[in-house]
Amino acid sequence: MPENIIAQWLKLPNVEISEVVTRNGYTEIYLDRDESLGYICSNCGQRSFWSWDTRLVRIRDLSVFAYKAYLNIYKYRTNCPECGVKIEKLDFVDSYSRCTTRFEALVARLCRITSLKQVAELLELDWKTVKDIDKKYLKKQFAIPDYDNLRLLAVDEIAAHKGHKYFTVVMDLERTRVIWVGKDRTQKTLNKFFKELGRKRTKKIEAIGCDMWDPYIASIEENAPGAKIVFDKFHVIKNYSKVIDKVRNIEFKKATEENKEAIKGTKYLLLKNRNKLKRNQKERLQSLLELNENINIAYILKDALKRLWNYKSVGCANRCLDSWISTALASEIRPVINFVQTLNRHRYGLINHCHYPINSGKLEGMNNKIKVIKRIAYGFHDDEYFILKIKQGCSPP
Ligand SMILES: [Zn+2]
């Protein structure tokens with residue numbers, strides 16, 4: 001009997017195989033059920049022995065060898081004494097789903113390691129079905145947020161849709177995970193996080209790393225006055241990189257035709273860490289720096305600024321910052337001077353780093369992960385799903 005091996009491995013409760021039909025590419029398994037057990041109401045979970053009507057349903061299950069498998073079973077509407085006529089709940093499939101729970105678990109597992117489109121292709125499913133299953137699992141997984149024992153946080157923003165739309169991300173730096181994501185990047189956005197967290201838990205937060213972005217600063221000062229604000233290396237250098245790019249643009253406009261060629265296409269070289277460049281890129285960068293003094297100064301100042309986060313003593317950090325500021329002012333480069341004003345206004349948070357050395361590498365790592373998730377998941381135009389994918393991608397396995 002060809003059914004024997006399938007019957008042996010089917011492992012579903014209260015059903016028996018009545019027939020197995022193999023058609024090209026897939027296997028249809030017809031199931032008989034033990035009707036003496038009655039029907040479970042999908043609304044209240046109560047068992048009843050009264051059925052209303054029935055129909056044959058086809059449910060996708062795990063494959064049989066290389067063949068896609070479908071279970072065919074009569075599903076009833078039960079006449080529940082509590083709820084009236086309701087669809088019954090089968091043990092191995094969620095209400096309204098056309099896949100078994102174990103098949104859905106496989107889909108969700110695959111979605112964790114590869115893109116939704118690839119999962120859809122691999123399992124020959126519609127991408128919407130894959131997304132719905134993955135989303136259902138993620139919603140279950142992140143239904144109850146874990147806000148206990150938060151001490152060191154970081155707040156970051158992500159631009160979606162080429163900067164027309166933003167999300168605010170809150171990270172727990174001690175456990176390296178994203179704990180909250182909200183739409184937009186206003187003071188109100190971050191206020192929502194603190195409201196959700198509650199006063200008691202907020203009081204325990206010692207420090208929060210963030211960008212020199214006034215709405216976030218205002219929200220932290222209002223909601224978590226006891227927490228120290230730390231402007232971390234990752235965010236400050238990211239901001240300073242924009243300054244270098246401004247200088248590059250100004251110099252490009254002023255340059256002769258010949259020098260324009262040397263400046264063209266160098267944005268990446270200037271922003272990337274020098275030791276991550278290839279040999280020919282290093283050479284190109286070097287000749288650009290030799291050619292243009294202002295770009296060179298702005299570039300040297302970037303490396304000098306990075307040193308600020310090496311200091312653990314407040315006195316040394318202040319001296320380092322003062323010396324950087326006086327060199328920067330002496331450069332007389334407009335965008336650099338504007339940046340000095342920003343740094344001066346935010347000095348307290350730069351120096352706070354001495355007390356709370358926020359791990360900038362962790363922050364950058366999570367930021368990079370989110371960028372990858374954005375490329376893969378944002379195209380589905382489902383903010384809720386995107387947020388869940390961020391939480392999944394940025395949480396310990
Ligand atoms: Zn019921």
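The rules behind each value
- Throughout this description, residue numbers start from 1 for each chain and increase along the sequence as written.
- In keeping with the predicted nature of the model, local features appear solely for residues at pLDDT of at least 70, side-chain atom pairs appear and are counted solely at 80 or more, and the whole-chain, interface and lining totals rest on all residues.
- Excluding hydrogens and water, the side-chain values take into account all heavy atoms of the structure.
- Defined by distance alone, a disulfide is two cysteine sulfur atoms within 2.5 Å.
- Nine residue types can take part in a nonpolar core, namely buried Ala, Val, Leu, Ile, Met, Phe, Trp, Tyr and Cys, and a core is a set of them joined through side-chain atoms within 4.5 Å.
- Burial status follows relative accessibility: with a 1.4 Å probe on protein chains alone, a residue under 20% of its type maximum counts as buried, one over 50% as exposed, and anything between as partly exposed.
- Should any heavy atoms of two residues lie within 4.5 Å, those residues are counted as being in contact.
- The way it works is that DSSP assigns letters per residue, a run of H or I at least four long becomes a helix, a run of E at least two long becomes a strand, and they are numbered from the N terminus.
- Multiply 1.5 Å by the residue count of a helix minus one, and that product is the helix's expected span.
- Throughout, the arc means that of the directions going from the helix axis to the C-beta atoms.
- Here, axes are lines fitted to C-alpha atoms. For helices the fit covers the stretch in contact, and angles between N-to-C directions go from 0 to 180 degrees.
- In this classification, Asp, Glu, Lys and Arg are treated as charged, Ala, Val, Leu, Ile, Met, Phe, Trp, Tyr, Cys and Pro as nonpolar, and every other residue, Gly included, as polar.

Visitor: Before we go on, may I ask you to explain the state of the cysteines in this structure?
Guide: Where two cysteines share a covalent bond between their sulfur atoms, that bond is called a disulfide. In this structure the tally under the stated criterion is zero disulfides. The structure places no disulfide on C394, whose sulfur is separated from the nearest cysteine sulfur, that of C111, by 17 Å.

Visitor: Sorry, what's going on with the nonpolar core here?
Guide: The tendency in soluble globular proteins is for nonpolar side chains to be buried side by side. Counting residues in hydrophobic clusters, the biggest one holds 58 residues, and the most contacted among them are F193, Y240 and W324. Aside from chain neighbours lying at most four places away, what touches W324 is Y240, L301, A304, L305, F339, V340 and L343. Listed in part, the 24 residues of the second largest apolar core include A160, M171, F234 and I373.

Visitor: How do you make sense of helix α14 (residues 334-345) when you look at a structure like this?
Guide: Side chains three or four residues apart in an α-helix point the same way, a direct result of the helix having 3.6 residues per turn. If you check α14, its first and last C-alpha atoms are 17 Å apart, about what twelve residues at 1.5 Å a residue would give, namely 16 Å. Along α14, the residues classified as buried are P335, V336, I337, F339, V340 and L343. On its buried side, α14 packs onto α8 (233-254), α12 (293-306), α13 (314-331) and α15 (347-351).

Visitor: Help me out: how do you make sense of helix α2 (residues 101-113) in this one?
Guide: Counted at 1.5 Å a residue, the expected span for α2 with its 13 residues is 18 Å, and the 19 Å between its end C-alpha atoms agrees. Looking only at α2, the buried set comprises F103, E104, V107, A108, L110 and C111. For α2, the arc enclosing every buried residue in end-on projection is 165 degrees, short of the 170-degree limit, so these residues lie on one face. Opposite its buried face, α2 presents the exposed residues R109 and I113, each directed more than 90 degrees away. Taken together, the buried residues of α2 touch β5 (51-64), α3 (116-123), α4 (127-141) and α17 (383-393).

Visitor: Would you take a moment to explain the packing of helix α11 (residues 279-291) against α12 for this structure?
Guide: Two numbers describe how α11 lies on α12: the axes approach to 5 Å, and their chain directions differ by 115 degrees. Of α12, the residues touching α11 (which contributes L285, L288, L289 and L291) are E293, I295, N296 and Y299. Taken together, the residues that form the contact of α11 with α12 break down as six nonpolar, one polar and one charged.

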